[in-house]
Every structure is written in C-alpha cells, then in structure tokens.
Protein chains: 2
Amino acid sequence: MLGARRLLGALRLCSSVSCPRPRASAKMRVRDALRVQDARGECVTVQGWIRSVRSQKEVLFLHVNDGSSLESLQIVADSSFDSTELTFGSSVQVQGQLVKSQSKRQNVELKAEKIEVIGDCEAKAFPIKYKERHPLEYLRQYPHLRCRTNALGSILRVRSEATAAIHSYFKDNGFVHIHTPVLTSNDCEGAGELFQVEPSSKIKGPKESFFDVPAFLTVSGQLHLEVMSGAFTQVFTFGPTFRAENSQSRRHLAEFYMVEAEISFVESLQDLMQVMEELFKATTEMVLSHCPEDVELCHQFIAAGQKGRLEHMLKNNFLIISYTEAIEILKQASQNFAFTPKWGVDLQTEHEKYLVRHCGNIPVFVINYPSELKPFYMRENEDGPQNTVAAVDLLVPGVGELFGGSLREERYHVLEQRLARSGLTKAYQWYLDLRKFGSVPHGGFGMGFERYLQCILGVDNIKDVIPFPRFTHSCLL
Amino acid sequence: MLGARRLLGALRLCSSVSCPRPRASAKMRVRDALRVQDARGECVTVQGWIRSVRSQKEVLFLHVNDGSSLESLQIVADSSFDSTELTFGSSVQVQGQLVKSQSKRQNVELKAEKIEVIGDCEAKAFPIKYKERHPLEYLRQYPHLRCRTNALGSILRVRSEATAAIHSYFKDNGFVHIHTPVLTSNDCEGAGELFQVEPSSKIKGPKESFFDVPAFLTVSGQLHLEVMSGAFTQVFTFGPTFRAENSQSRRHLAEFYMVEAEISFVESLQDLMQVMEELFKATTEMVLSHCPEDVELCHQFIAAGQKGRLEHMLKNNFLIISYTEAIEILKQASQNFAFTPKWGVDLQTEHEKYLVRHCGNIPVFVINYPSELKPFYMRENEDGPQNTVAAVDLLVPGVGELFGGSLREERYHVLEQRLARSGLTKAYQWYLDLRKFGSVPHGGFGMGFERYLQCILGVDNIKDVIPFPRFTHSCLL
C-alpha cells in the first residue's frame, strides 16, 4: 500500500517509453490517474468497479471507478477484450498505458493491455441498475449497497472531508481533542429520552447492574467537556450522541454525530458566536475546495438552487436577534402558525423557518432565552423579571436549528441554588465541585454534524447523509 | 477567539514600546507566549491556573498554566501583588509585559502589571496537593479533577495529538473516513460479550423493542467498513467500541477506541502488515515531533526506560512469524507456562510476552492461525489438513496484542459454507450479498487506541490513558 505521493514517484520511473512486457506496472488510484498532466504512456494498473460499458465495432469503452473520486477513468480497449463478464458493477483490474485522451471530456484515458474481471455482477439481482438515477428513498432499502451509487459516493466523500476539516479547524486554533464517553451515569440533563444499557446476557435475566449504577448512552459530551475546560482552555469532541425519541422526522436520528466545543475564560455570547460562524465557514470552504465535484453533484441533482443558497450564507455575516425580538417578529407575521408564538414558549419548526426567511435566508443566531426553557447549567443573565439565560441557537435555511450553545453557570452559589431547585444537588455534586476549585467563566456549543451536511448539500432527509441511519423501527445491519 | 497565527499578528502591533495605560492587550495562550523569541515588552494578557507560588521579599513568582502546554509561564510581580487568594489551583488573569527571562529555565516571563483572581481554590478541600506527585491510582478517584495534574495533562495532550496524527495518516494516504455505527443489530461476531440497548422508559416496563430488533453496542466497525470497501478501495473508522466483559485487567475497558481500516484489492497479509507498521511508526513520529515534552514527562516519571524501548521499536523492522512457528518457540522455551502451549489453542498473555521478549522486544506479527480459533469472515489459506486462515496479530512489548487483522473471505461459495456451518446464513445474508456484486479480495485490521497509547508512553494501566474510563462496577460521571 503506497501513499499517493509515492505512487506518483513509482510512476515516474516507468514513464515515457513504450513498455516492454512483462514488466511491473504501478498501481494507481483513479483520482491520481485523472490528475496526471501530459500523460505519455506510463504503465499503470487500475482497480475498481465498472460504471459503464460501451461496445463499438472496433473499440470497447469502459469507465472504472474506485471511490477515490466521483469521476471514473475511461478505459479504451480493443474490441477483442469484450466479454459478457464486463458488466456494470463487476470489479476489474486493468493494466495498460496512460495516454492523453482525444475526447474533451477527460484529460487522460487508459489504453488497456490486460483486463481481468475480479468479481462479476449479475445485473438482474443487483438492485442498482445501469444508467438509472435511483431516488435516495429507494436506495435507503439497501444500506449495504447504496454506497456504490454516484450520489451516496459523493455524500460520503463530502462527509469524510468535512470530518477532516473540522478536526483541522480545531487543531489549527489550539483546541485539545477529548473523547467524551458514550456510556454515562448522568441521566437528567433534559436533552431528551435516553437509551439504557445492560449486558445482553443480563438483560433477559436477573437485574444485577454491570456498572453498579444505571448506564445510559450520552445525549451530549458537554458536561464531560466542562470537566476538561478546567484544565485546558479550549477543548472539543466529535462523536456519536443518542436520543430514544419516537420520531420519523427528516431531521432526527436515534444515533447522530455532534461537534462540541468548550472554551474557558469566555464572558460573552459574542465570543462563542464568532467561533461558531468561523467553524461553519472555514469547514465549508475547506470542503468546497477539497471535493468540489462531489458538492456539485448534490447541488445539481439533489437540490437545485442550493449552490446559490450556500454562497449567500457564506458571503454574509450571520445575524443576531434576541429571543424576545424573535417573538415580536413572529407576532407581527402575516403568516398563520399552528402554534401561536408567545414569550416563554419554545420556538417551533414553523417559527424557525419563518425567522430564517425573515432574515433573508442568512443564518441567524437567536440569543437570551427564558430561563424556564433551558437546562440548569446555563448562565443567568440577571435581567430581573425577564429572567433569561445566556443561551444561543443558530438557525439556518433548510434545516432550522444547527447549533445550540450557552455560557455556563460558573458561580458556585448560583449553580447550587439551581440544582437544589431541580432536586439534582446530589447527582451533580461532581459538577458543582468544578466550580469550587479555580472556577472560570466559560461556554460552549454543539453542532449537529448530519444537519450541517444537510445544510451545505441541500439533502432533504437526514438518513441520506449518514452511512448507517438508526431510527425508530430501524437498525439495519 | 483568535487562532494562534492571528494572535501573534495582533501581538506584533503593540510590541517594542513601553505600553501606555490603559491600552488593549492581546490575549495569548501560554504555549504561544513561551515560543516568542526575543521578547521586547509586548503587552499581553494570559489566563490560566496557578501551578506554583513563590513569594520573596520584594518579588512574587507565579507559574500559570492554561493546558496549551506542559510548561507554565513564569509571572514576575512586585510583592505588593501578593494576596492570600493567589494559591495553587486558583484561576487568574494576568496582564503585563512579555520580557526575556534572566533565568536559564525559560526564554520569556511575564512582568505583571495587573493580576486578577477569577476563581479561588481552597487548598484543604482540593484533592490535588501543591508540589505533590500523586500516584495515577490515587488520581483515578477524581475523574473530574485529575486532568488538572501535569501527568494527566500530558497524557491527554498526547492522546489529542495521536488522534490528529491518525486522521492525517489516513487522509494523506487516500483513505475515506467512515462513521461506522455504535448501534448494531449484528449479535454474533464472536468478539466478546455484548451490551444491549433499550429506551430507559421501556427497560423497566413492557418489552416492546425500539428498533423492532434487539440492538447492541458495536464490538467492531469491520463488517460495516466491508460494506464501504465495495465502493471505496480504502476506508477507515476511529470510534468507540464496547465489551460487556467482567474484567479487572490493566488492558481492558468496557468502552474503548479502535482505529480500523479496510483495503480492497489486497491479496496478501504482507500488504496489510506494511500499512499497520507504517501507521504505527508514522503516528508515533508525528506525536514525538508535536509534543515531545509531554511524551518526555511520561518517559521520565511514569515509565523509566520507556524512551529507549520506544526508539528500539521505531528503528527496527517489525518481525513476522507464523502461529505454527510461535507454538514451536513456546514449546522449546525454558520457561514454565501456566498454560501449556499447544497447536490449535489460543495464545495466552504469558505466551505473547514470551514471544515479544524472544524477538528482542521488537514488535512481532504472528500470522496464519488455525481456522477453528478465528471468526467466520477470515479467509481460508487452503493449506490442507492444517486448515489455517490468513489472520494476523501484532504483539508489542508491554501490552501484548495491539493490532488484529485478516484477509476476509471474499469468495461467495466458501463464505456461504462457513456461514451455514455456523448457522448464521440468515443473519448475514446482507454480508453474503456483498460477495455477489463485484466482490474483490480485501482485508483490514483494527488497532486498540488506548493500548497504542500505553505502548508508546509506557503507561501501565489502560484507565489512565482515557479521559473517562468505563469498566465493571464503574461508570463515574
């Protein structure tokens, strides 16, 4: 297994002369082959799956894809190579010479000297059909095969690039990465229904607990990040989180990924919002520059008009309104809402959508929510009878809430009172402890990673931007 | 929130002249402050926690740490700044001028103009004591506070760097990152006891399943990576995996992280072993170059002699022996084993330790295990009555098994027979399907991430290299 750089190195060794046979031929990824400028008959071997077959009188054209890019490599072969085994979906190894293509559709093509079918593919049984553009909904039935289509291939490459971009963003800005735990004994954060965990042999038998205490799947890494923010001033985590909610929505999953950050010595929501906006924009710019063709495919075939909508989001400064202002805007709206907007009541999806449209389809931060609506750890604004907390949600076009964040209550006595009011003092003694020894003002946020992908690609259903979606009634594979 | 580069930029603006007050002072991380060459009185603000206080007649010395590096920044202040609140563990904000230090122990120090205590720290109640080197075992009692010690700070920074290095290695080599699911309906891979999952409200009530099928926590992302290796020739995952095993060992956790890769068109273990060795060495070199002081701390105070042992591993080519040879070596050993080595029986920890010593403490690949010992998906070697499979384990000094991998059975009919023999045909129809449509020879491996950290740092107990360890009878926080 050679890295791309070394492959290109190996390639240079055998270039420019017509290859005597038999000779060693460098294995090359399709992506790297397509990037060769000024091909001069280099001997290479390419491996992948056939995406198209076109048989002419004297020439056979194949397109071979190995997942390294959306584009496939064109193979040109003498018609004597033709065989009934060379079908859509079958895997092949092709050896030949990389030459400049005469067509304008590609830079290079591979003049085949040897074509080997590695594994055939029976067209009739294969649920993915040649030259058909299957709806994403149809493909969802085949979680083990759908990655072999252009659409899922592109989405998953974008997901991989976005993952790398997020890690880079935080690393470049001095954040320490923390693996917050999946299993937790915290059960009352109020972020939603929990999954509980037991060893499978015991779940059916007598209830002696594995961990001595009930254990749940995490709904957020925040509290554990707060532990770390007492030692490192900037930390982040990027891992799976869970909700046991009976939802069939296009924006919810039972298992989904969250990017969460926590920053110490932060005293205003402004500072947090700056990081959120920078993270969104920097990550997106990186994705756009690393896999433009994959993003383009989504913008062309999955969500027409999304390209312009995304550019609009990227070139404008995100807006900021308070929760109180948001309620005023909603009250003055000409639209009839199913849920009447009212101060003290949570924003509904219809409200979020209206607010984003009202803001010209620019992402908008909504800040300072009523204390009653938010969990115990959010910092009180001390604004008298209004009694709001320093919370922030970022609403974006298409998906609604993308980020949620807040300043955390770092004052021992204020937190102690809030915990006491909720009857949580005992369970959160350790959390209170963090405020006892060198407490600092701090805050953080979480971004739903699948919603982020939906937002930039314009993919309507969250089940199509995660490799293996888990939701009510479904845990395939 | 500014990135390090921009902070240095901001800093340049106010350097070289004595600062008139009041003026804006650039916030700076300790790590960046320590790296300033040729300090000339730049005005900066540093925030962090006090690690030491030394009060002399006319001068007060503080050391402030913000987690960005092991080293703290020395603050020099007029003794008039002295206060009972300036204690070990309390959080402070210090504003002043960055100047060249007169001591040889550091490049720069901060001449304080203003010191603000943000959060105090009561020494008596704080379980971490000034100037004491607490044993790791003692610190394990305080999972919410132990990150505030030098030892855990360094280990967690190394963990963060290693995480980034692993992502870089795979990205640079053309691998696509895949989030394999935590929740799975596969229950018979044979990798160990499983955790089962249900919504917490239902776990106590009537047993109607959330997913319609029993759902478990993953023991490995391999099968899901294999799905992806039918579309992308190189994929990897890096996430949490679980075992519900009643183990109190220093090498096992109920929740731990695995780095797993799957490569298509691979026909020999040799190719897999090359990637494993390269991953180990490239990641380690990157960690050593990015946080040498943190590694050094572990090598000095936690595991004496580990530096030499690690260099020995890095400079030698890893060795390869077959399982059959391993058994011969063990049989000829002068040592008495608790478990008598015998062909057809699994290697025990004592055997692994002996083999590594026998190989001169160089990591050693053991290949070609008896088919009976390994799961259904491993590729048969067709070596007649021996009946081995193309499996590989990497044994390393100190921790034993670090990697496990194999070629996978890609031949439809061979796999079909093996599944039938195990009565798994129905459950793994989807897995068999992967071999029906363009099947390719492929293989992969998994590396235990915590064991990797133990191996390079010399940390004896696995509970000390993960932020929040989960094991039998323990799920704190």
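Residues numbered from 1 in each chain as written. Chains lettered and ligands numbered in written order. Predicted model: local features only at pLDDT ≥ 70, side-chain atom pairs only at ≥ 80, totals over all residues. Heavy atoms only, no water.

How we decide: UniProt positions are given in the numbering used here, feature names are shortened, and annotations may be inferred rather than shown by experiment.
As annotated in an unreviewed UniProt entry, chain A carries the name Asparaginyl-tRNA synthetase and is attributed to Mus musculus. For the record of chain A, the UniProt heading Sequence similarities (unreviewed entry) holds the text "Belongs to the class-II aminoacyl-tRNA synthetase family." Under the Catalytic activity (unreviewed entry) heading, UniProt states for chain A: "tRNA(Asn) + L-asparagine + ATP = L-asparaginyl-tRNA(Asn) + AMP + diphosphate + H(+)".

## Thoughts on the domain arrangement of chain A
Residues and elements named next belong to chain A. Basically, it comes down to this: Marked domain ranges trace back to an automatic or database domain assignment. Here the quantity called buried area is the total loss of accessible area, with a 1.4 Å probe, experienced by two parts when brought into contact, counted for both. We define a salt bridge as a side-chain nitrogen of Lys or Arg found within 4 Å of a carboxyl oxygen belonging to Asp or Glu. Here a polar contact means two N or O atoms within 3.5 Å. Within protein one must be a hydrogen donor candidate and the other an acceptor candidate, and residues neighboring in sequence count only if both atoms are side-chain atoms. In the scheme used here, Gly and all other residues not listed as nonpolar or charged are polar, with Ala, Val, Leu, Ile, Met, Phe, Trp, Tyr, Cys and Pro taken as nonpolar and Asp, Glu, Lys and Arg as charged.
Splitting chain A by domain gives domain 1 (26-119) and domain 2 (147-177 + 263-464). Put simply, the middle of domain 1 and the middle of domain 2, counted by C-alpha atoms, are 45 Å apart. Both sides together, the interface formed by domain 1 and domain 2 hides about 550 Å², and carbon and sulfur atoms give 41% of it. At the surface where domain 1 touches domain 2, the tally comes to zero salt bridges. At the junction of domain 1 with domain 2, the criterion picks out three residue pairs in polar contact (both at pLDDT 80 or more). Tallied by class, residues from the side of domain 1 that touches domain 2 come to one nonpolar, three polar and two charged.

## Let's talk about unusual backbone geometry
All names here are of chain A. Heads up, the condition is: Strands here mean DSSP runs of E at least two residues long; helices mean DSSP runs of H or I at least four residues long; both are numbered from the N terminus. Only protein chains enter the accessibility calculation, which uses a 1.4 Å probe; a residue is then buried when its area is under 20% of its type maximum, exposed when over 50%, and partly exposed in between.
Positive phi outside glycine occurs at asparagine 387, with the angle close to 55 degrees. Structurally, the position occupied by asparagine 387 is in the loop between strand E14 (364-370) and strand E15 (388-396). Its relative accessible area of 31% is what places asparagine 387 among the partly exposed residues. Positive phi values are uncommon outside glycine, yet histidine 473 reaches one of about 70 degrees. Along the chain, the position of histidine 473 falls in the segment after helix H14 (449-457). Judged by relative accessible area, which is 42%, histidine 473 ranks as partly exposed.

## Quick look at the interface of chain B and chain A
Applied cut-off: By definition, residues are in contact when any of their heavy atoms lie within 4.5 Å.
Opposite the 117 residues of chain B that make contact, chain A presents 117 residues. Both sides together, the interface formed by chain B and chain A hides about 9,600 Å², and carbon and sulfur atoms give 62% of it. Put simply, glutamate 161 of chain B and lysine 171 of chain A hold a salt bridge, and the shortest N to O gap is 2.9 Å. Across the chain B-chain A interface, the total number found is 44 residue pairs in polar contact (both at pLDDT 80 or more). Here the residues of the side of chain B that touches chain A are counted per class, giving 56 nonpolar, 38 polar and 23 charged.

## Examining the sheet that holds strand E7 (residues 176-177) of chain A
The strands making up a sheet associate through hydrogen bonds between their backbones, and the pairing can be parallel or antiparallel. Residue and element names in this part refer to chain A. Which entries qualify depends on this criterion: Two strands are counted as paired when DSSP detects at least two bridges linking them. Each axis is a line fitted through C-alpha atoms, and for a helix only the stretch in contact is used; angles between axes span 0 to 180 degrees, taken between their N-to-C directions.
Across the sheet, eight strands lie side by side as E7-E11-E12-E17-E16-E15-E14-E13; this open sheet has mixed pairing. Among the strands making up the open sheet, the edge pair consists of E7 and strand E13 (319-322). In this sheet, E14 lies alongside E13 in parallel orientation, the contact comprising four bridges. Across the sheet, residue isoleucine 320 finds its bridge partner in E14, namely phenylalanine 365. Here helix H4 (residues 150-172) sits on the sheet and contacts E7, strand E11 (234-242), strand E12 (255-264) and strand E17 (442-448); the angle it forms with E11, its principal contact strand, is near 150 degrees. On top of the sheet, helix H10 (residues 323-331) reaches E13 and E14; it is set at about 85 degrees to E13, its chief contact.

## Digging into the relation of the copies chain B and chain A
Selection criterion: We superpose the copies by least squares over the C-alpha atoms of residues that have a pLDDT of at least 70 in both of them.
The two copies are related by a screw motion: chain B maps onto chain A through a turn of 180 degrees and a shift of 0.0 Å along the axis, at an RMSD of 0.0 Å. The symmetry that links the two subunits is that of a two-fold axis. Nearest to the rotation axis, the C-alpha of valine 197 of chain B is located 2.4 Å from it, this being the minimum over chain B. The residues that chain B uses at the interface reappear at the interface of chain A in 100% of cases, marking a shared surface.

## Here we look at the packing of aromatic side chains
For clarity, the cut-off: Paired rings are identified among Phe, Tyr and Trp, the last through its six-membered ring, by centres lying within 6.5 Å, and are further divided according to the angle between planes into stacked (under 30 degrees), edge-to-face (over 60) and tilted (the rest).
Inspection of every chain in the model, using the stated rule, returns 54 aromatic pairs over all chains. For the ring pair phenylalanine 170 of chain A and phenylalanine 236 of chain A, a centre distance of 4.3 Å and an interplane angle of 15 degrees mean the geometry is stacked. Of the two residues, phenylalanine 170 of chain A is situated in helix H4 and phenylalanine 236 of chain A in strand E11; the sequence distance between them amounts to 66 residues. Comparing phenylalanine 170 of chain A with phenylalanine 236 of chain A, the two get one shared label, buried. Note on phenylalanine 238 of chain B and tyrosine 257 of chain B: the rings are 6.5 Å apart at their centroids and 80 degrees apart in plane angle, and the pair reads as edge-to-face. Taken as a pair, phenylalanine 238 of chain B in strand E11 (residues 234-242) and tyrosine 257 of chain B in strand E12 (residues 255-264) lie far apart in primary sequence, 19 residues in all. No difference in accessibility class separates phenylalanine 238 of chain B from tyrosine 257 of chain B, as the two residues are buried.

## As for H10 of chain A
Where we set the bar: It is the directions from the helix axis to the C-beta atoms that the arc portrays.
Burial in H10 of chain A covers these residues: Tyr323, Ala326, Ile327, Ile329 and Leu330 of chain A. Buried residues in H10 of chain A, looked at end-on, bunch into an arc of 160 degrees, giving them a common side.

## Some thoughts on the side chain of glutamate 409 of chain A
Residues and elements named next belong to chain A. Tracing the backbone through its elements, the reader meets glutamate 409 in the loop between strand E16 (400-407) and helix H12 (412-422). Of the residues examined, glutamate 409 reaches a relative accessible area of 0% and is grouped as buried. For glutamate 409, the contacting residues outside a window of four places in its chain are Tyr377, Met378, Arg379, Glu380, Val414, Leu415 and Arg435.

## As for the pairing of E11 of chain B
Residues and elements named next belong to chain B. Among the nine residues that make up E11, nine are buried, leaving the element largely enclosed by the rest of the structure. Sheet topology note: the strand E7 (residues 176-177)/E11 ladder contains two bridges and is parallel. Paired with valine 176 across the strands is valine 235, a residue of E11. Inspection of the sheet shows E11 paired to E12 by nine bridges, in the antiparallel sense. Across the sheet, residue phenylalanine 236 finds its bridge partner in E12, namely alanine 261.

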